[in-house]
Amino acid sequence: MTRPSVARVYDYYLGGSHNFDSDRAFAREVLRVYPELTAITRDNRDFMRRAVLHLCSRGIDQFLDLGSGIPTAGNVHEVAHSVNPRARVVYVDHDPVAVTHSRELLADTDSVVAISDDLREPRRVLQDAVAVGDLDLTRPVAVLMVSVLHFLGDKDRPAELVDEYMSATVPGSHVAISHARSDGKRDAAATEEVYNRSRSPNPMQFRTADKIRALFGDLTLVDPGVVHLPRWRPEFDPDADPDADPDVGEDYPALAGVGRRD
Amino acid sequence: MEPQVVLTGLPTPDQLAGAWTRAIARTSHTAMSRRALHAHLLVLAGTLLDAVTAEKFDPTGPAEVGSALVAAHFTEVAALQRTVTVLGEQLENCPGAGGGRLTAVLAALTAGYAQALRDRTLAEQERISASAFAARVAAEQARWNSEARFAAVFADSVIGIGVGDIDGTILEVNRALCDMLGYTAEEFRANPIWEFIHPDDTPGVWDQVRSLLTGVIDNVRFEKAYYRKDGAEIWTHLVLSLVRDQQGRPRFVVAMVENITERHHLQTRLAHQAMHDPLTGLPNRTLFFDRLDTALEAGPPEDAVGVCYLDLDDFKAVNDTLGHDTGDALLRAVAQRLGAELGRDGHLVARMGGDEFVVLVEHSTGIDHLQRVAQTALDTVRRPVVVGGHPIVVSASVGIVQHTDNGTASGAAELMQAADTTMYWAKADGRDRYALFDAERHHIDVSRFALSARMPDALAHGEFVVEYQPLVRLKDQQTTGVEALVRWQLPTGERLEPTQFIPLAEDTGLIVPLGRTILTDACRQAARWRAADPGMRLLMSVNLAVRQVREPGLVADVVQILADTGWPAELLQLELTESEFMGTTENSLAVLRDLADLGVRIAIDDFGTGYSNLAYLRRLPVHALKLAGPFITRGSSGHDETDDVDMEIVATVVRLAHILGLTVTAESIETPAQLSRLRRLGCDTGQGWLFAPAVPPHDIPGLVHTPPWNSHPQPTPDRRPTTRSSPAPRR
């Protein structure tokens, strides 16, 4: 395990110990350039939690989490089960270690499975999600692409991938996306550079706000649209710090949104 | 205790939990909401307050609080730091603080936190390591399975497979490839792929291989020849695929080699067969036209495209007399020589079929050039060919056409048609020679062709009309007979003389039915005249082509026609030209004798134009000679010595004819002077414009009864035909 992995590096950002020396070395390198990244990472987890809670409130009870990573505190199924214990969750990751670990952790949890697939192959992912994860594509599904599409280059045609996944679902389905932006803080852009060095677990491609918005194609954006991570429906966060300023600077380096198929 | 608490200013559990919550809420990532966190810390705050105020210090409670923080995922160092800070501030007024109780509580909490964090870290490390190990085992199992599958495919494939690195070193080969090329695996490994260059490899092949090795392209496929170790050549379908490393750099090349030697040979053979003549091995007309089309399209103006169309003379006779095997052997020999002689100069020699060959000169510098090529071809053909021990000598006729010649159309087909026609001119001009294309002559030929094509229809529609020219007895200038002469009255109103169409009819064979029609018309007409005037006893003289004589059934036809028309045989004369007589076979002579036996008179037409053996005349069933026109016109003007010689000849012929009992008719008498000379020499009868041209049948009775030549010695100019295509129009 000499090569860092995105999932384990992310786990380290979140204070986990599911990581190895190479992961920590890489993570520290990033944090040296951009110390706020841990906070952004938590914002990202918070967005995911709010999004899942929002989707549960809309009656969605099936989640397809693409690029799920290493399970850590506040996983999708934990958030969903806190309001709907029968919600079904399919975790998808291409990192075999992350998937193996997820399976171990989920061994006793019905209605939640982890499958090892590459999200760049939608047909295969959906096929496995239906066959192994009991996902029911005749009913609305929430597809989560949280902090994952910026690991795909333009040649992977991320917008088309989103469209392919959503085309396989029925109206009423949603997609939640969070994505690092290239037109935000300069320090954040330095992160991209670190990720694009040779020892990187995975190259990154930050995108402009316009490009991130374009990922939703012709889906209907749920209010308030594509916004800075912490600004997406803060009312859904019971954890909101009454003392903290909920707003952030205009150059906040990550955006998020939820789109609905009508 | 209650008053103490109040007195010492200790916070309530709720106050403590509130401050604590604010301190650590954002330090770590947890799944807890703020409310849940507050509730959680409220319990812990109670435990801590108990520990601080208890009479006897027990470290268990604070240690559990530290452990509970880790359990709630407050794993960041800041969470502990702030916890210790906020607890220190909140609890500094506790009763035993001065006695070290607070320090003891915080120490126990810190120890419990550290112990729990260590346990958690170790547990997570163990889990992730186990997962990593399991994942690796699974991956290795998958790889092993995949390798085992590949190994089976590699080893047992019927397709040759080899793996090399990008330097061209061969690393691994399978059984099939070893068998295919005859090398052992060790021998393969000792040779870089460059050793397997084949001379037939196009430069593009190795360029593509280089592009593959440098990663420009990922795979390439082509058909390629290899030499086996034993030197034999095989053809393969080769697919090369590039294998890249994880960074995308070229790493290996996999070659899959399928032996397609048999298929290749079959295709090559089929392609060759499709383009070559099986008998001679020369390119066939398909290939020839391909090349011709290409040459015409390319067409640089300075170099013209030329063709020499060659046809062996009398090849049919070789086949007929020596057999087809000999004919084939001769064709092969001629083809081989032509190919060798002319192919050397880069010309394409093709067999067009039968005994026809064509030489394509793609870069002709002019007619001279083509003439040299044609001459070489003629010389080559003329060299004796020994077949079955017998030398055979043949010649050829060649038609030369250059593409830029005026009058040739641009297309290959037109060019070849012109060449074909030109070749026939060489034949007509005497064979064993070449002829050059001539646009005007070609035009005439084309018109002739159009005429001969129309002729059968014309015959069916009665466009051929017969006219009659009086035969006059010189002694008393009485009409004793008529010669039937055919005209072609075209629907356009144009009138064609026999010389314009009879040779065509002879070529096409239409002369046979046409001759029968003329003969029938003439006899029927003669019978009509006699029916109208029983006193009129005219000899009907009709021309006969040798082709008619050769046709079986002529005698029967004549018998039938005489019977049908009621015309007596003795009053029918059939004319054959002298040259045709000379070409007659024994069979033909027998036919003439049969006709003579019927009582029909036989006349030799155009006598004096050939080289008749006069003595031979005795043996022929002949009754009359007709002296050729040029003899009369030349030999009777009486102006120079040549005339005198001609006169002597005429005198001798007349004498000889009379000795042999033949009558002599002079044709083309145009002047009274000619008439008086011929009469003096003893000619029996004459015909010509001095008396009358050929006239429609209804004019004959008038001419017979009141001959205009007796009252008007000079022919009137307006009665001459305006077109004098022949001085002695036949038929």
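It should be noted that the structure appears before, not after, this text.
These notes cover the structure that comes with them. (Residues numbered from 1 in each chain as written. Chains lettered and ligands numbered in written order. Predicted model: local features only at pLDDT ≥ 70, side-chain atom pairs only at ≥ 80, totals over all residues.)

A closer look at the packing of helix H13 (residues 324-343) of chain B against helix H14 (residues 367-382) of chain B
All names here are of chain B.
Then step 1. The contact between H13 and H14 brings their axes to 10 Å, and the two run at 145°. Along this stretch, H13 crosses H14, giving a crossing that reads as right-handed. On H14, the residues that touch Val334, Arg337, Leu338, Glu341 and Leu342 of H13 are Val373, Thr376, Ala377, Thr380 and Val381.
Then step 2. Classifying every residue of the contact of H13 with H14 by side-chain character gives 6 nonpolar, 2 polar and 2 charged. (Axes fitted to C-alpha atoms, helices over the stretch in contact; angles between N-to-C directions. Helix = DSSP H or I, 4+ residues; strand = E, 2+ residues; numbered from the N terminus. Left-handed = near helix turned anticlockwise from the far one by under 90°. Contact = placed C-beta atoms within 7 Å. Nonpolar A, V, L, I, M, F, W, Y, C, P; charged D, E, K, R; others polar.)

Brief notes about the interface of chain B and chain A
Interfaces are frequently sized by the accessible area removed from exposure as the parts join.
Then step 1. Counting residues at the interface gives 25 residues for chain B, matched by 21 residues for chain A.
Then step 2. Taken together, the elements giving at least two residues each to the side of chain B that touches chain A come down to helix H3 (34-53) and helix H6 (101-156) of chain B.

Describing the environment of Ala23(B)
All names here are of chain B.
Then step 1. In this structure, alanine 23 sits in helix H2 (residues 13-24).
Then step 2. C-beta crowding within 10 Å serves as the criterion here: with 21 such atoms nearby, alanine 23 is assigned to the buried category.
Then step 3. The spatial distance from the C-alpha of alanine 23 to the C-alpha of alanine 79 is 8.0 Å, given a sequence separation of 56 residues. (Buried ≥ 20, exposed ≤ 12 C-beta atoms within 10 Å, placed from the backbone.)

Here we look at helix H5 (residues 96-106) of chain A
Then step 1. Buried within H5(A) are the following residues: Val97(A), Ala98(A), Val99(A), Thr100(A), His101(A) and Ser102(A).
Then step 2. Of the surrounding elements, those touching the buried residues of H5(A) are helix H1 (6-13), strand E2 (88-93) and strand E3 (112-116) of chain A together with H6 of chain B.

What to know about unusual backbone geometry
Residues and elements named next belong to chain A.
Then step 1. At the junction of aspartate 223 and proline 224, the peptide bond is cis and its omega measures out at 5° in the coordinates.
Then step 2. With phi around 55°, serine 147 is a residue other than glycine that occupies positive phi space.
Then step 3. With respect to the helices and strands, serine 147 occurs in the loop between strand E4 (142-146) and helix H7 (158-167).
Then step 4. For serine 147, a count of 24 C-beta atoms within 10 Å gives the class buried.

Things to note about the nonpolar core
Then step 1. Counting residues in each nonpolar core, the largest one holds 77 residues, and the members touching the most others are Leu64(A), Val143(A), Leu144(A) and Met145(A).
Then step 2. Take this core: its biggest share by element is 7 residues, from helix H3 (residues 37-57) of chain A.
Then step 3. Not counting chain neighbours up to four residues away, the residues in contact with Val143(A) comprise Leu64(A), Leu66(A), Tyr165(A), Met166(A) and Val175(A).
Then step 4. Membership of the second largest hydrophobic core comes to 72 residues, among which are Val549(B), Phe607(B), Met647(B) and Ala657(B). (Core = buried A, V, L, I, M, F, W, Y, C linked by C-beta atoms within 7 Å.)

Examining helix H22 (residues 586-598) of chain B
Residues and elements named next belong to chain B.
Then step 1. Look at H22: 19 Å from first C-alpha to last across 13 residues, which is about the 18 Å you get at 1.5 Å a residue.
Then step 2. Those residues of H22 that fall on the buried side of the exposure criterion are Val591, Leu592 and Leu595. The arc that holds every buried residue of H22, seen down its axis, measures 95°, which confines them to one face. In H22, the exposed positions angled more than 90 degrees off the buried face are occupied by Glu586, Asn587 and Asp597.
Then step 3. Residues of H22 that are buried in the fold lie against helix H19 (546-550), helix H20 (554-565), strand E17 (572-577) and strand E18 (601-607).
Then step 4. Phi turns positive, to about 110°, at glycine 599, one or two residues after H22. (Expected span 1.5 Å × (residues − 1). Arc of directions from axis to C-beta.)

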